[in-house]
Amino acid sequence: MTDNQPATGPPEERVAPFHYNARGQQCFTWTLTDCDITDPVQLRIGPDLILPVIFIPGVMGSNLKSVPERIGQDSRQVWTLDYGFAGLRTPLASQWVAKDAGFRQTTLHPDRVEVDDQGGVPNVPWGMVQENQQMLPAERKTALMKRYRERGWGEVGQASYERFLIWLEHVLNSPTVPRHLNYTLELEDKHWQDPQAAYRRLKPGVDVFMPGLNGMDRIDDETEGTKPLTTDDLLAGVRFNMPVHAFGYNWLASNTDSAKKLRQRIETLLEQYGSRCKQVLLVTHSMGGLIARMCATLPGMESAICGIVHGVMPTNGAPVAYRRCKVGMRDESFGASLVIGSNGQQVTAVFAQSPGALQLLPTTRYAPGWLKLLRENQSRALSAMPALDQCPYDSIYLERHRWWGLVKEEWLAPEGGTAIEWTLYERAIEFAREFHAELNTYFHPNTYVLYGSDAKFPSFETIRWNIRPGLRSPGTVSAPAPIESLITARHTEVQHRGRTIVRVGPHSALGRASVKFVGDTSTPHDPGPRIYSDWELHCGMQDGVGDGTVPTSSGRAPIDQVERGEVREQLKMQGFDHEGPFHDERVQLVTLQWVLKIAAQAKKPS
């Protein structure tokens, strides 16, 4: 007869939950158990070194609030990019739809707004932002939101960037799976020193591909793409935790000022994370790239930044910035124009007082001749505008009298606004000139660039004013003004209401045109007032490819301008517009790949 002994199985795996504090340190929690329970408790220790990733949004991508005019006065939200009804940006629309030029000018002034860090943030854990299990459930949600705000996520547009920030935080720092599983890599037996080992180690010097890139990382000499990761990159990068931060900025102020504030943020993070952190890594969208480049020129910053990933950066500016000052945004996008400005008056009221916006204009490095006055001659278009010199600041932006100058002076003083003196506008243009000259062709020595070049998203490579004969008053016998005189016509000699048609010569609205019937319908069509003129100048639509905002020539400029190989890789991509590259899966994977390559080269704290 044998004794019945209780069955004993393998010890139960017990893993202590953990979270990270603001310094990126792991904090483990465990509740003491009965002495009879002797199974070991595992403390799974992650990387100890820190390499913060800072995301810098594009123009209009940061939340803004008003600067209190007196002590004790509360700020109010001015530009809020939170999710609203059905995931739409209803808060922003409610702030700006139907607002006139005067209100826009008074409210959106660089000195009257500042960054608002109280934008929407997640309330669930992602990556290194984990719950403290010792807190009550209600307290945990509040603590998570506080940590995201400490990371700067509330400063940038939730509707524009939150999904990307969550994704990046998860793939770089997920605590629940081995990190390489997040990257969805093709890891085969050839990548491992011993494929059968319980704890496998990567073999150095082997290329690693991402299936999600659909072969973009399998390039040859005749194919444009990105170089694959290597196991060396993965082995070097695994040293770091990479908490994802965001940097919001006052996009109305000079990008030079924003670059200085970015330097302050970088210095703060290096101090916050202490001896375990020596550098940061930057990922930028659009104008954020200009700020990052300028920041890298400041004392000590080039070495403090281990690398920069630029997305759809307007390297040499974008002519569409000029066009919107002249005719608004209505014929580009009706919906966006309700917020940004549907006519030239609404855009100019803000643009002309905002150094940051003016720094998006074409620079001296943009191809000359981008502003054209064209006349039709049978099937050919002949330029009627003499070649302007290669200094657009003097010849276009500060042209005070000719109708084609950037700003119509009377629009600087809209009804209900705070008038901008011409001298203040001149100073803002000088800020743009100085910013462009100082930035010039500088790029951080470890730069990666992607840009859009897609015929589905046409862009303005040039701005074309097309000359057409105007509607002449009945009985007029005098000849129209010579076409050659259009180049010298002054603001006072044309009729320009901030839309796409400028009329030159005798013009008047003599009653209304006779009511006509269109087609077979019995509903009358009223064409409105008949406006007479010698000539009509129509501002043409897009004439090039790009991402809908930045033309291909400006997006691809970095690789052509560097002299010492600062741009490590540059990639032409398709399938997204200017606002949405980081919503595109392939852009996300390319960004991840480049972040890992940069991390592999980051300095390890001594």
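This is a predicted model, so every value here is computed, not measured.

Let us now look at the overall build of the chain. The helix and strand inventory of the chain stands at 18 helices and 29 strands. Dimensions along the principal axes, computed over C-alpha positions, put the chain at roughly 130 × 60 × 60 Å. Expressed as a percentage of the 606 residues in the chain, the buried residues total 52%. Contacts spanning at least 24 positions in sequence make up 75% of the contacts within the chain whose residues lie at least 6 apart. Accessible area of the chain: about 28,400 Å², with a carbon and sulfur share of 51%. Between the mean site of the 64 positive side-chain charges and the mean site of the 69 negative ones, the chain shows a separation of 4 Å.

Quick look at helix α7 (residues 255-273) now. Its 19 residues place the ends of α7 27 Å apart at the C-alpha level, agreeing with the 27 Å of an ideal helix rising 1.5 Å per residue. The set of residues buried in α7 consists of N255, T256, S258, A259, L262, I266, L269, L270 and Y273. Down the axis of α7, the buried set is contained in an arc of 150°. They therefore lie on one face. Seen from the open side of α7, the exposed residues pointing more than 90 degrees away from its buried face are K261 and E271.

The next point concerns the pairing of strand β20 (residues 463-469). For β20, the buried fraction is high: five of the seven residues fall into the buried class. The sheet contact formed by β20 and strand β27 (residues 535-539) spans five bridges and is antiparallel. What sits directly across from R468, in β27, is E536.

Before going further, it helps to examine the packing of helix α10 (residues 320-327) against helix α12 (residues 344-351). Contact geometry of α10 with α12 gives a least axis separation of 5 Å together with a crossing angle of 120°. One way to sum up the angle between α10 and α12 is to call them oblique. Across the interface between the two elements, A321, R324, C325, K326 and V327 from α10 touch G344, V347, T348 and F351 from α12. Each residue belonging to the contact of α10 with α12 can be placed in one class, and the counts come to five nonpolar, two polar and two charged.

What follows is about the pairing of strand β22 (residues 501-504). Residues in a regular strand project their side chains so that they alternate between the two faces of the sheet. Here strand β21 (residues 494-496) runs beside β22; their pairing, made up of three bridges, is antiparallel. Across the sheet, the residue bridging to V494 is V504, located in β22. Where β22 and β27 come together, four bridges link them in antiparallel fashion. In the sheet register, V504 faces β27, and the bridge partner there is W535.

Within the element layout of this structure, G335 appears in helix α11 (residues 334-340). Judged by its relative accessible area of 44%, G335 is partly exposed. A sequence separation of 208 residues divides G335 from D543, and the C-alpha atoms of the two residues are 22 Å apart.

Here we come to the side chain of D454. Mapped onto the fold, D454 is located in strand β19 (residues 454-459). Here D454 sits buried without a salt bridge, and the closest side chain of opposite charge, K456, lies 5.8 Å off (N-O distance). Setting aside residues no more than four positions away along its own chain, D454 makes contact with V545, G546, Q574, G575 and F576.

Turning our attention to the pattern of salt bridges. Pairing between side chains of opposite charge can happen when the charged atoms of each approach one another. With the rule as written, the count across this model stands at 15 salt bridges. The partner of E569 in a salt bridge is K597, and the shortest N-O contact between them spans 2.6 Å. Of this pair, E569 sits in strand β29 (residues 567-573) while K597 sits in helix α18 (residues 585-601); the two residues are 28 residues apart in sequence, bridging distant segments of the chain. The buried category is assigned to E569, whose relative accessible area is 8%. For K597, a relative accessible area of 6% corresponds to the buried category.

Before going further, it helps to spend a moment on the environment of A413. With respect to the secondary-structure elements, A413 resides in the loop between α14 (392-397) and α15 (422-439). Residues A413 and L81 lie 332 residues apart in sequence; the distance between their C-alpha atoms is 28 Å.

The next subject is the nonpolar core. A general trend in soluble globular proteins is that nonpolar side chains are found buried together. Residues L172 and M242 are the most contacted members of the largest nonpolar core, which totals 52 residues. In this view, L172 contacts V53, R179, M242, V244, L592, V595 and L596; residues no more than four positions away in its chain are not counted. In terms of nonpolar packing, the next biggest core, distinct from the first, is built from 50 residues, L81, L262, L439 and V449 among them.

All right, on to empty space enclosed by the protein then. Applying the stated criterion across every chain, the model contains two cavities of 30 Å³ or more. By volume, the second largest cavity is sized at about 30 Å³. Around the second largest cavity sit G120, W153, V156, G157, Q158, Y161, E162 and L165, which together line it. A class-by-class count of the residues in the lining of the second largest cavity yields four nonpolar, three polar and one charged.

This paragraph deals with helix α3 (residues 137-150). End to end, α3 covers 20 Å across 14 residues, agreeing with the expected 20 Å (1.5 Å per residue, within 8%). In the segment just after α3, G152 is the residue with positive phi, at about 90°.

What counts and how
- Residues numbered from 1 in each chain as written.
- Predicted model: local features only at pLDDT ≥ 70, side-chain atom pairs only at ≥ 80, totals over all residues.
- Heavy atoms only, no water.
- Helix = DSSP H or I, 4+ residues; strand = E, 2+ residues; numbered from the N terminus.
- Buried < 20%, exposed > 50% of the residue type's maximum accessible area, 1.4 Å probe, protein only.
- Contact = heavy atoms within 4.5 Å.
- Areas by Shrake-Rupley, 256 points an atom, 1.4 Å probe, with all protein chains shown as cover.
- Lys, Arg positive; Asp, Glu negative; His and termini not counted.
- Charge placed at Lys NZ, Arg CZ, Asp CG, Glu CD.
- Expected span 1.5 Å × (residues − 1).
- Arc of directions from axis to C-beta.
- Pairing = 2+ DSSP bridges.
- Axes fitted to C-alpha atoms, helices over the stretch in contact; angles between N-to-C directions.
- Parallel < 35°, antiparallel > 145°, perpendicular 65-115°, else oblique.
- Nonpolar A, V, L, I, M, F, W, Y, C, P; charged D, E, K, R; others polar.
- Salt bridge = Lys/Arg side-chain N within 4 Å of Asp/Glu carboxyl O.
- Core = buried A, V, L, I, M, F, W, Y, C linked by side-chain atoms within 4.5 Å.
- 1 Å grid on protein atoms, 1.4 Å probe; cavity = no way out; pocket = protein on both sides within 12 Å on 5 of 7 lines; lining within 4 Å.
- Points joined across faces, edges and corners; volume = space filled by probe spheres on them.

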